[in-house]
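Observations on the model geometry
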Amino acid sequence: MKKLITMLVATGITICSYAQQSTFAGKISGNIKDGGNQAVIDAATISLLKSSDSSLVKTSLTDKVGNFSFENVKEGSYLVMAVSVGHSKVYSQPILINTPGTDASTGTLQLVAHTKNLTGVTVVAKKQFIERKIDKTVINPDVMISNAGANALEMLEKAPGVTVDKDGNISLKGKAGVIVMIDGKPSYMSGNDLVNYLNNMPANNIDQVELMPNPPAKYDASGNSGIINIKLKKNRQKGFNGSVNTSQGHGKYFRSNNTLNLNYRRGKLNTFSSFNANYRENPQWLDIKRQYLASDKSIASIFEQESYRMRISRYFNARIGADFFATPKTTFGLVFNGYLNPSNASAPNFSRFYNPQMQLDSMLSNQRKENGDWKHAGINLNFRHKFDSTGKEITADVDFLDYNNKVTELMTNTGLDDLSNEKYKYNINSFLPSTVRIFSAKTDYVQTIGKKIKMEAGVKTSFVNTDNKANYSITQFGVTRPDYLRTNYFKYQENLNAAYVNFNKQFKKWGVQTGFRIENTNYEGLQYGNPTRQDSTFTKSYTSAFPTMYISYELDKKNNFGFSYGRRINRPDYDDLNPFISFIDPYTYEVGNPFLRPMFSNTAELSHSYKNLLNTSLSYTYTKDLFGESFNREDSAVVVRNSNFGKSQNINLSVGIQLSVAKWWKANINTQGNYSHLQGQLNNNNVDIEISSISAMINNQFSFKNGWSAELSGFYRSKESEGQIVIRELMQLNAGVQKQILKKKGSVKLSINDFTGPMIARGYIDDISAAKASFRQRRDSRVATITFTYRFGKMYKTEKRKTGGAGDEQNRVSSGS
């Protein structure tokens with residue numbers, strides 16, 4: 001409660017400070033054109049600066065006819081700076097606002113195309129943390145000082161509308177099933193593999209994050225709650241340039257992130273590379289209490305467990321690529337990406353068993369040791385050709401990806417009586433190798449029909465092969481024997497074929513975009529037998545259609561309204577279909593379900609934007625064939641498996657505001673209200689779960705003189721549900737300070753995440769097949785980090801191209817965490 005009061009006070013101070021300074025004196029407006037051909041430049045970035053010191057006051061974008069305006073401008077002298085990609089920036093003459101109601105104009109500012117050396121140029125204006133667009137929200141992670149030294153998962157946890165649960169699973173606007181893409185193409189990872197990848201990706205490697213709850217038809221239809229697209233930093237500027245970044249952090253334990261980025265462009269060839277070396281000591285504390293119920297719902301026995309896991313992970317990643325500009329209209333590209341991720345973990349836990357009167361019956365000591373070796377290699381070949389200046393363009397991508405994971409485990413179980421005398425002891429040994437190989441190819445075509453209709457179309461195909469083995473043995477009394485109950489061998493093959501078409505047209509104040517995507521899925525699974533079990537197979541083919549629609553209306557220069565609709569699919573992860581047993585301890589384990597069906601969702605959203613400062617949206621989602629984690633009781637053990645159990649309805653209200661409290665203080669406040677209703681059958685019991693939740697995020701950025709800046713941010717989430725699990729409220733506060741050094745080519749950042757923590761996740765499950773459970777989980781979240789960044793080399797600005805081409809397959813691969 002103290003943390004919540006602290007956050008509410010901080011939010012109130014921010015709003016009140018803004019309200020006290022919201023008086024206005026006048027308006028500044030103007031127009032932007034290309035200085036060469038006098039063409040209109042829309043979406044140019046316009047900055048209002050103080051004449052005295054060039055400090056940023058406000059930013060805006062030009063509209064479709066090149067106009068811009070700043071209202072509620074206080075008394076003073078100002079400059080207007082205009083910037084657009086491929087053009088030199090231009091400044092207006094000084095503009096004086098000295099009487100209320102002044103309506104000043106810059107006239108038409110001319111932007112001139114350039115190839116000028118940018119060495120030594122200092123840009124005063126900074127990016128906004130959040131940018132709103134018709135079909136997505138864009139996050140700029142570098143704006144937040146507290147992201148220094150953080151990983152991608154910790155960075156996403158601070159994004160508006162994004163929730164990261166206790167296991168690292170990501171939800172968007174209250175809905176699970178989000179697909180994570182890297183540079184516009186799916187990461188082909190899911191589950192533990194995706195968590196592991198994001199845990200080891202430094203946040204400083206990320207240029208932007210795009211949140212798309214209802215993506216257009218050109219994107220894969222997979223993902224019940226939409227897409228999160230992580231755009232990595234990629235430099236295509238002429239000459240030799242780069243950056244080095246090192247972050248050293250310490251909470252209860254140590255972590256280190258180190259990155260080197262290099263770029264060299266000369267003539268028609270551009271090469272770029274990024275290298276990461278990370279080390280992380282990642283502890284977790286988890287306490288569980290279960291009450292097993294008799295047939296009359298009275299307590300039959302009680303189980304309590306205290307567990308601790310320490311995972312030490314080393315992560316080495318290389319991303320190397322090249323672009324060949326064969327002609328001014330044709331580009332060929334190649335990108336190689338690979339990582340090595342050796343890790344080891346130790347996980348001791350101790351369990352106690354009580355009778356209904358809480359008298360100790362017996363105990364179990366479980367000592368678990370794990371060694372993992374995760375490897376990945378992938379290559380992307382891409383092509384782009386512009387036919388003419390009217391917008392005709394064709395792109396193509398081919399991806400080859402390989403994941404190779406090997407895990408060995410030793411689990412020592414010792415049973416004790418109520419007096420701590422040993423009753424039995426045995427070891428479970430396991431060797432768990434798995435491989436995933438993916439081929440994907442896609443091509444996209446863009447053309448302007450007439451003068452105003454933009455058409456996009458494309459096709460895609462992908463093939464996935466997974467090979468998973470689980471070899472278990474039991475050692476007791478010095479004798480080792482195979483454990484055929486748990487030993488397994490599972491192979492899975494999948495083929496996905498897709499095509500889409502998308503149209504976009506502007507009708508004066510109205511904008512309309514419609515799309516249609518069709519996907520055909522074919523898969524086959526084979527579970528090999530052993531001396532105690534026969535072979536078994538399953539196959540399935542289905543074709544599904546996914547329409548999308550976006551409508552926007554510009555009421556005036558201040559108010560914009562929007563409506564969107566889309567249908568999406570969430571396919572089971574590859575590991576979810578794998579019928580292996582994965583042990584947490586003898587009384588808790590996970591099992592795959594080869595009979596899982598995909599779930600389909602329909603989402604409609606209404607939105608409103610006022611001056612791009614106050615943004616509101618209301619969405620409704622209906623999902624059928626909903627699947628998620630189910631918890632079954634088998635004797636004294638709890639078995640976790642994904643199951644289809646019914647339908648869900650979700651209503652989300654989102655409100656975000658960006659405030660310029662003072663010329664040195666900017667704030668973003670985002671709130672979410674969410675209502676979810678789950679209905680169905682699980683374990684032969686009716687499921688009917690209704691829950692309402694709220695969340696809030698605040699980010700304050702402070703800019704001072706002499707290169708100093710600071711941040712105070714945080715988030716709050718009320719009680720919410722994750723399927724059968726109900727998570728109690730969570731909160732985190734972060735702070736940071738930054739100083740630019742070395743002629744603004746370098747910076748030093750000091751940040752403290754969760755400084756009032758550590759954050760503790762608490763929750764409960766009411767129904768586990770005649771059982772109840774509650775838990776308490778803690779991570780090493782209170783961390784102080786110091787980060788040094790240095791940029792070097794000469795740069796000439798050039799055009800960027802989005803890479804990528806694979807489908808949602810990579811999102812569904814799983815690995816160690």
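One structure accompanies this document, and this report is about it. (Residues numbered from 1 in each chain as written. Predicted model: local features only at pLDDT ≥ 70, side-chain atom pairs only at ≥ 80, totals over all residues. Heavy atoms only, no water.)

Here we take up the nonpolar core. Ranked by size, the top nonpolar core spans 87 residues in total, and within it Ile 170, Leu 198, Ile 228 and Ile 230 carry the most contacts. The biggest single contributor to this core is strand β36 (residues 637-662), with 5 residues. For Leu 198, the contacting residues outside a window of four places in its chain are Asn 151, Ala 152, Leu 153, Leu 156, Ile 170 and Ile 230. Membership of the second largest hydrophobic core comes to 19 residues, among which are Ala 44, Val 73, Ala 82 and Leu 111. (Core = buried A, V, L, I, M, F, W, Y, C linked by side-chain atoms within 4.5 Å. Buried < 20%, exposed > 50% of the residue type's maximum accessible area, 1.4 Å probe, protein only. Helix = DSSP H or I, 4+ residues; strand = E, 2+ residues; numbered from the N terminus. Contact = heavy atoms within 4.5 Å.)

This brings us to the environment of Gln 248. Relative to the elements of secondary structure, Gln 248 occurs in strand β18 (residues 239-250). Expressed as a C-alpha distance, the spacing of Gln 248 and Phe 788, which sit 540 residues apart in the sequence, is 9.1 Å. Dropping the residues within four chain positions of it, Gln 248 is found in contact with Phe 254, Arg 255, Ser 256, Asn 258, Ala 784, Thr 785 and Ile 786. Here the side chain of Gln 248 touches Thr 246 through a polar contact of 2.7 Å, side chain to side chain. (Polar contact = N/O pair within 3.5 Å; in protein donor to acceptor, adjacent residues only side chain to side chain.)

With that out of the way, let us pick up the sheet that holds strand β8 (residues 102-111). Read from one edge of the open sheet, 3 strands run β4-β1-β8, paired in mixed fashion. Each end of this open sheet is capped by a strand with a single partner; those strands are β4 (67-73) and β8. Each neighbouring strand pair of the sheet contributes to a mean axis angle of 15°, computed without reference to strand direction. (Pairing = 2+ DSSP bridges. Axes fitted to C-alpha atoms, helices over the stretch in contact; angles between N-to-C directions.)

Here the focus is the pattern of salt bridges. Evaluation of the coordinates by the stated rule reveals 17 salt bridges. Salt-bridge contacts for Glu 370 lead to Arg 368; the nearest nitrogen and oxygen are separated by 3.8 Å. On the accessibility criterion, Glu 370 (8% relative accessible area) is buried. The exposure class assigned to Arg 368 is buried, which follows from its relative accessible area of 17%. (Salt bridge = Lys/Arg side-chain N within 4 Å of Asp/Glu carboxyl O.)

Across the 9 residues of strand β1 (residues 26-34), 7 count as buried, placing the element largely inside the fold. As defined by bridge partners, β1 adjoins β4 across 5 bridges and the pair is classed as antiparallel. For Gly 26, the partnering residue across the bridge sits in β4 and is Val 73.

As a further point, take a positive patch on the surface. A cluster of basic residues, Lys 719, Arg 728, Arg 762 and Arg 776, forms a positive patch at the surface. Within the element layout of this structure, Arg 776 appears in strand β45 (residues 771-779). (Patch = residues over 30% accessible without salt bridge, like charges linked within 9 Å, V, L, I, M, F, W, Y side chains within 5 Å. Areas by Shrake-Rupley, 256 points an atom, 1.4 Å probe, with all protein chains shown as cover. Lys, Arg positive; Asp, Glu negative; His and termini not counted. Charge placed at Lys NZ, Arg CZ, Asp CG, Glu CD.)

We now examine the pairing of strand β39 (residues 708-717). Along any regular strand, the residues point their side chains to alternate faces of the sheet. Of all 10 residues in β39, 8 are buried; the element is thus mostly enclosed. When strand β38 (residues 685-703) meets β39, the two strands line up antiparallel, connected through 9 bridges. From the neighbouring strand, Met 697 faces β39, where its bridge partner is Phe 715. Following β38, the chain reverses through 4 residues before pairing antiparallel with β39; Asn 706 in that reversal takes a positive phi of roughly 60°. Relative to strand β42 (residues 730-741), β39 runs antiparallel, the two being bridged by 10 bridges. Paired with Glu 711 across the two strands is Gly 736, which belongs to β42.

Here 3 strands make up an open sheet; going across it, the order is β11-β12-β13 and the pairing antiparallel. Each of the sheet's edge strands pairs with one partner strand only, and the pair in question is β11 (162-164) and β13 (175-176). Two strands pair when backbone bridges link them, and β11 and strand β12 (residues 170-172) are joined in this way by 3 bridges, in the antiparallel orientation. Its bridge partner being in β12, Val 162 is matched across the sheet by Leu 172.

This paragraph deals with the packing of aromatic side chains. Inspection of the entire model under this criterion finds 23 aromatic pairs. Residues Tyr 424 and Tyr 426 carry aromatic rings whose centres are separated by 6.1 Å and whose planes lie at 25° to one another, so their mutual orientation is stacked. Given the relative accessible area of 30%, Tyr 424 is considered partly exposed. Measuring from centroid to centroid gives 4.5 Å for Trp 510 and Tyr 553, while their planes differ by 40°, and the two rings are tilted. Of this pair, Trp 510 sits in strand β29 (residues 510-528) while Tyr 553 sits in strand β30 (residues 536-554), and the two are 43 residues apart along the sequence. With a relative accessible area of 44%, Trp 510 lands in the partly exposed category. The class for Tyr 553 is partly exposed, based on a relative accessible area of 25%. Three or more aromatic residues joined by ring pairs form one cluster here, namely Phe 490, Tyr 492, Tyr 523 and Phe 538. Positioned above the aromatic ring of Trp 285, the side-chain terminus of Arg 778 is 4.0 Å from the ring centre. (Phe/Tyr/Trp six-rings, centres within 6.5 Å; stacked < 30°, edge-to-face > 60°. Lys NZ or Arg CZ within 6 Å of the ring centre and 35° of its normal.)

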